[in-house]
Amino acid sequence: MALTIPAFSQNGLISGRVVDKNGRPVVGATVLLKQQSTRGISDSLGKFQIHTTTTKGTLVVSNVGFISKEVSFSTLEPLQIVLQEDQTQLDEIVVVGYGKQKKVNLTGSVATISGDEIRETPTTNLMNAIGGRLPGAVTVNGNGRPGSGSSLQIRGFSTLNNNDPLYVVDGVVRTDGIGNLDAAEIESMSILKDASAAAVYGARAANGVVLVTTKRGALGKPVFSYSGLFGIQTPTQYPRMMNALEYATFRNAGLRNMGYDITNPAHTGMFYTDEEIDGFRNGGTDWYDLTFKKNSVQTQHSLTINGGSEAIRYFSALGYTDQDGMYDNINFKRYNLRTNVDTRINKRFQIGLNLEGRQEVSKTPGWDANQLFQYIQLSNPTLPAYTKSGRPFNTNGAHPVEMIYNSGYGNNQYSVFQGTLQLDHQLDFITEGLSIQGVSSYYKQHLFNKSFVMPHTMYEEDENGNITNTKVTGDPTFLTETFQEINNVTLNASLRYARTFGDHDLSGLMLFEQFKSSGNGFDAARRDFHTNIKDEFFASGPNNQTIGGSGIVNDARRSLVGRANYAFRGRYLFEGTFRYDGSYRFPEGRRFGFFPAFSAGWRLSEEGFFKNSAALGFVNDLKLRISKGVIGNDRVSAFQFMDAYTIVTGSGPIFDGQPQPLINYGVYPNPNITWEKQDNTNFGLDASLFNSVLGVEFDYYFRNTKDILWSRDRSVPATFGRGLPNENYAVVKSKGLEFTINHQYHIGQVNYHLRLTGSYASSKVTQIDDPANALDFQKQLGRPVGFLAGYQAEGIFQNQEEIDNWYGGTQFGYKPQPGDIRYADLDGDNRITISDQQVLSDYGATPRIMYGIAGGFSWRNIDLDFLFQGATQRAMFLSGTARVMYNNGSYNNFAYLDDAWSAENREGKYPEAWVGSNTINDRNSSLWLRNTGYIRLKTLNLGYTFRSEWLASRHIQRLKVFVSGYNLFTWSGFKEFDPEAETGGGWYYPQQRNINIGINASF
């Protein structure tokens, strides 16, 4: 019962106190006088004061975590205003495996983001919107190719095999991922991280599960919504290549360091002359600038319609994405279509139909993007790109510009259709809360790839423009076509129950599911085209042709799923789940596995002693969670329990002058192969504090993955004669923690929110078949998955005296010279050998620590949101051209290598200049190891929403214009490449920064 607290009043001043239903003060509540738009804020005692010129009016009282309330007054007597808690958060629904649960009753570890949050990231691929927003999600955006997305692991490494999660869209497992769904379709995304949440997916759940729920129709008149943006893209970071002057100067230095003498007639021709070097001061070719555009464009559009009646509700979406690349003739287009319809036949029977269609079209030149970046490095900047008459100049190597325009093309068309029919029938006539559900889903995937690769010609001319020599680069014209079709059928039927008996909430699920995936494919190739005019098979010659085909069985399984939930007074929460899974990948008698899990929760905040404690009044909700269970992994090659054979043609015994086919044995069969099993334990805490102003979620977990399928090739000699099968014997243990801190509040008319997420994941191999004679740094036992090993660099030799005093003056049997890397003798044998390697980093390209800082504010018609996303404990070695000057003897160099050691630059960061690989320096060592941790401003959006009677009169409900950015700024100690680069050698398509303008409208 609320107490009456005296509050003073005087002419022109209204005052009072804001409390909750228990009489406790509500701090920071906004009290607005509607008639004058003046406001006050309640203090630590809940008191407020507002100056007024009237003795009657209406106050609007609001605060985060409470339902806004209007209070009328007709005198200036003090007021006691009681606010009711907003139950929205307590009633928040979270999508879980094969169902939904109230978040307040959730006992498993589940992280969720809304579709609105996903749409805050202006990217063409959904996978790029996850990192930094969901605790436990470990993402790496390795490249920026048009249409590409980030890789995803949930809680890092748990096995030596495939660590990818399982993807489920609207309750149906998807084999094509989720990256190319249209963001406008998405209602929410959840990741299931522990055994309790994921065990219902059994043998495919060990790496976590990603659940995507698409939008459905809502009661009301049709609402059309349009969203569109146009953006400009530029690379985030890619190092400059040396110009002609730098190239020639350092090449001469490298040759001198290798012992070549410019005065020796046998060597003179290897050097650039002083005259040539002087000419390069204002000349040369910047192949990067000539090949790539300054920027490229992207555009996205989506149109949705949402509405319905009590009998039928519908949601439809149409999406279009068009993304260009860094050079001409590379492009990605995507067309999305979705319709979700729910029809209520009667009060007990409902039918749902989901239809999805998608087509992706990728176009490239005849050469792959990674190859283009390789040839940019290969191209000599001292040579011109074109002759004076405009013909491609003969570089005696590659010509990246011609590779883009005159090397042919690669076209890839990928089409997807998904249709799902769902029937729901309430069985209340049997008992209240009982229902039955049936789902039938058909998925069809169609891939067609056509590649027409042509050689291109380069020329040499005399001073008069006459051709003196030509060179044809590339293989003879080559046409390949690949077709693949995959069909998935999912059928499930379930009996469901949910009912409340006084203080007892009981629910359950029993489900049978069958899944089958099959398909066909063929490929064909032909060479010897008489002309490049026609890119069809009939235009080629009769020789040099191949054709192949196969039938595909991707998956087949039958499963029984069960789940039971019980809650007492919303205080004590229990859940038990299981899945009995059968997979075609294993032999009869070992195909089925049982995967159980159990979880419990205790809402301390519902205890009487907690509710009645004034000291704990700031705690609105507090829940402890624990879960334990077994989940599996069967992502290995099928039929390893059977003998395998391969047919080899062209190398068998000669009969009638022709080699006959041979049949070779494949992998030795393993009749005992079965599942990987993961024992998964999770402890969690959820809290809501200060009237939901502050929210905290915390999880700690540890996992023991055993029976990992791994071969014993490491310890069995190659003379065994056959490939060894995978066996269930390896073990990996992993552990980690995750947290989320939410804060939301308002200051006057400014509403703001902040969220900090973080996760840490580590692993250790505790059982594996290491060879008995392996060196210590080669052994995996007792070490993390993905560790990096190499030599410990102790600096760079400065003079010959240092060399002579360093372990006999040799390293690896070679005599170093000033400017070479000096290595530590780790094994203590007073020599520098291959044995002097150690683990330099416990982690590799997959970061152990991920974090994000998301937030935003709104003021009147203006809103802004942002995401800082970061990763630490991630490392890679520089490799190839990134550390070798004049790689393969002719490549150009990244310009940062100009800080090479020399007698004039003894503080140089890198070893001495050299032409090609240096036996001493070109080794993985701490000098080339880079910590690639980073933090970047991942997204930034600024919008303005128009609100006017003019818009309303034209049936425009909402109109918003915005500017947005993606990958805007990056801070990292890794300076050579983007810190998320997928390779340390530079042969990759750089990540992209984009800046966009756009519009959202509803009518």
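These numbers were taken from a predicted model, which means no experiment stands behind them.

### Side note on the overall build of the protein chain
No. 1: Assigned secondary structure in the protein chain consists of eleven helices and 50 strands.
No. 2: For the protein chain, the C-alpha radius of gyration of 33 Å lies close to 30 Å, the compact-globule estimate for 1003 residues.
No. 3: When the backbone C-alpha atoms are referred to their principal axes, the protein chain occupies close to 110 × 70 × 65 Å.
No. 4: For the protein chain, the residues scored as buried account for 52% of the 1003 residues in total.
No. 5: Counting only contacts in the protein chain whose residues sit at least 6 apart along the sequence, the fraction spanning at least 24 positions is 70%.
No. 6: Carbon and sulfur atoms make up 55% of the accessible area of the protein chain, which totals about 44600 Å².
No. 7: With 93 positive and 97 negative side-chain charges, the protein chain shows a spacing of 8 Å between the two charge centroids.

### Notes on the pattern of salt bridges
No. 1: Under the defined criterion, the tally for this structure stands at 52 salt bridges.
No. 2: E360 serves as the salt-bridge partner of R358, at 2.8 Å between the closest nitrogen and oxygen.
No. 3: A relative accessible area of 10% places E360 in the buried class.
No. 4: The residue E976 makes a salt bridge to R930 at a minimum N-O spacing of 3.1 Å. Of the two residues, E976 is situated in the loop between β49 (958-972) and β50 (992-1002) and R930 in strand β47 (residues 929-931); the sequence distance between them amounts to 46 residues.

### Focus on the nonpolar core
No. 1: Counting 66 residues, the largest nonpolar core has Y327, Y896 and F977 as its most contacted members.
No. 2: Taken together, the elements giving at least two residues each to this core come down to α3 (244-257), α7 (369-378), α8 (400-405), β40 (788-791), β41 (793-796), β42 (821-823) and β46 (875-877).
No. 3: Formed by 25 residues, the second largest nonpolar core is a distinct cluster that contains V94, A197, A199 and V209.

### Some words on the environment of I741
No. 1: Positionally, I741 belongs in strand β38 (residues 727-747).
No. 2: For the pair I741 and Q437, spaced 304 residues apart in the sequence, the C-alpha separation amounts to 37 Å.
No. 3: If we ignore the near neighbours within four places in the chain, the residues touching I741 are L694, G695, L754, R755 and L756.

### A short note on the pairing of strand β44 (residues 849-859)
Working note: regular strand, side chains alternate between the two faces of the sheet.
No. 1: In this sheet, β44 lies alongside strand β39 (residues 750-767) in antiparallel orientation, the contact comprising eleven bridges. By the bridge assignment, N751 is partnered in β44 with S858.
No. 2: Relative to strand β45 (residues 862-872), β44 runs antiparallel, the two being bridged by eleven bridges. Within β45, the position partnered with G856 by the bridge is D865.
No. 3: The turn linking β44 back onto β45 is made up of two residues, and R860 within it adopts a positive phi angle of 55 degrees.

### Topic: the sheet that holds strand β6 (residues 69-73)
Strand pairs in the sheet, formed through backbone hydrogen bonds, run parallel or antiparallel to each other.
No. 1: Here four strands make up an open sheet; going across it, the order is β3-β2-β5-β6 and the pairing antiparallel. Either end of the sheet is taken by a strand with one partner, and the two such strands are β3 (38-41) and β6. Strand-to-strand twist of the sheet, defined as the mean angle between neighbouring strand axes without regard to direction, takes the value 25 degrees.

### Section: the sheet that holds strand β15 (residues 186-192)
No. 1: Taken together, the five strands give an open sheet; going across it, the order is β10-β15-β16-β13-β14, and neighbouring strands pair in mixed fashion. Of all strands in the sheet, those with a lone pairing partner are β10 (110-114) and β14 (172-174), marking the two edges. Across the sheet, the mean angle from the axis of one strand to that of its neighbour is 25 degrees, orientation sign disregarded.
No. 2: One ladder, built from six bridges, connects β15 with strand β16 (residues 209-214); its direction is antiparallel.

### As for unusual backbone geometry
Glycine aside, negative phi is the norm for most residues, and most peptide bonds take the trans geometry.
No. 1: With a phi close to 65 degrees, R155 is a non-glycine residue in the positive phi region.
No. 2: With respect to the helices and strands, the residue R155 is situated in the loop between β12 (151-154) and β13 (166-169).
No. 3: Although it is not a glycine, N691 sits at a positive phi angle of roughly 55 degrees.
No. 4: Of note, N691 is situated in the loop between β36 (676-689) and β37 (694-710).

### Quick word on α3
No. 1: Taking 1.5 Å of rise per residue, the 14 residues of α3 would be expected to cover 20 Å, and the 20 Å separating its terminal C-alpha atoms lies within 8% of that figure.
No. 2: Buried residues dominate α3, accounting for ten of its 14 residues.
No. 3: The set of residues buried in α3 consists of A244, E246, Y247, A248, F250, R251, N252, A253, G254 and L255.
No. 4: Against the buried residues of α3 lie α5 (274-279).
No. 5: Of the residues flanking the start of α3, the one acting as N-cap is N243, its side-chain oxygen 3.2 Å from the backbone nitrogen of L245.
No. 6: At the exit of α3 stands G259, carrying a positive phi of roughly 100 degrees.

### Topic: α7
Structural remark: α-helix, 3.6 residues per turn; residues separated by three or four positions point the same way.
No. 1: Judged by how many residues are buried, α7 sits mostly within the fold: eight of ten residues are covered.
No. 2: Looking at the buried residues of α7, the elements they touch are α6 (287-291) and α8.
No. 3: Its side-chain oxygen 2.9 Å from the backbone nitrogen of N370, D368 forms the N-cap of α7.

### Points about the environment of N664
No. 1: Among the secondary structure elements, N664 is positioned in strand β35 (residues 662-665).
No. 2: For the pair N664 and T646, spaced 18 residues apart in the sequence, the C-alpha separation amounts to 5.2 Å.
No. 3: Among all residues touching N664, those that are not within four sequence positions of it are A644, Y645, T646 and V648.

Rules used throughout
- Residues numbered from 1 in each chain as written.
- Predicted model: local features only at pLDDT ≥ 70, side-chain atom pairs only at ≥ 80, totals over all residues.
- Heavy atoms only, no water.
- Helix = DSSP H or I, 4+ residues; strand = E, 2+ residues; numbered from the N terminus.
- Rg over C-alpha atoms; globule rule 2.2 N^0.38 Å.
- Buried < 20%, exposed > 50% of the residue type's maximum accessible area, 1.4 Å probe, protein only.
- Contact = heavy atoms within 4.5 Å.
- Areas by Shrake-Rupley, 256 points an atom, 1.4 Å probe, with all protein chains shown as cover.
- Lys, Arg positive; Asp, Glu negative; His and termini not counted.
- Charge placed at Lys NZ, Arg CZ, Asp CG, Glu CD.
- Salt bridge = Lys/Arg side-chain N within 4 Å of Asp/Glu carboxyl O.
- Core = buried A, V, L, I, M, F, W, Y, C linked by side-chain atoms within 4.5 Å.
- Pairing = 2+ DSSP bridges.
- Axes fitted to C-alpha atoms, helices over the stretch in contact; angles between N-to-C directions.
- Expected span 1.5 Å × (residues − 1).
- Polar contact = N/O pair within 3.5 Å; in protein donor to acceptor, adjacent residues only side chain to side chain.

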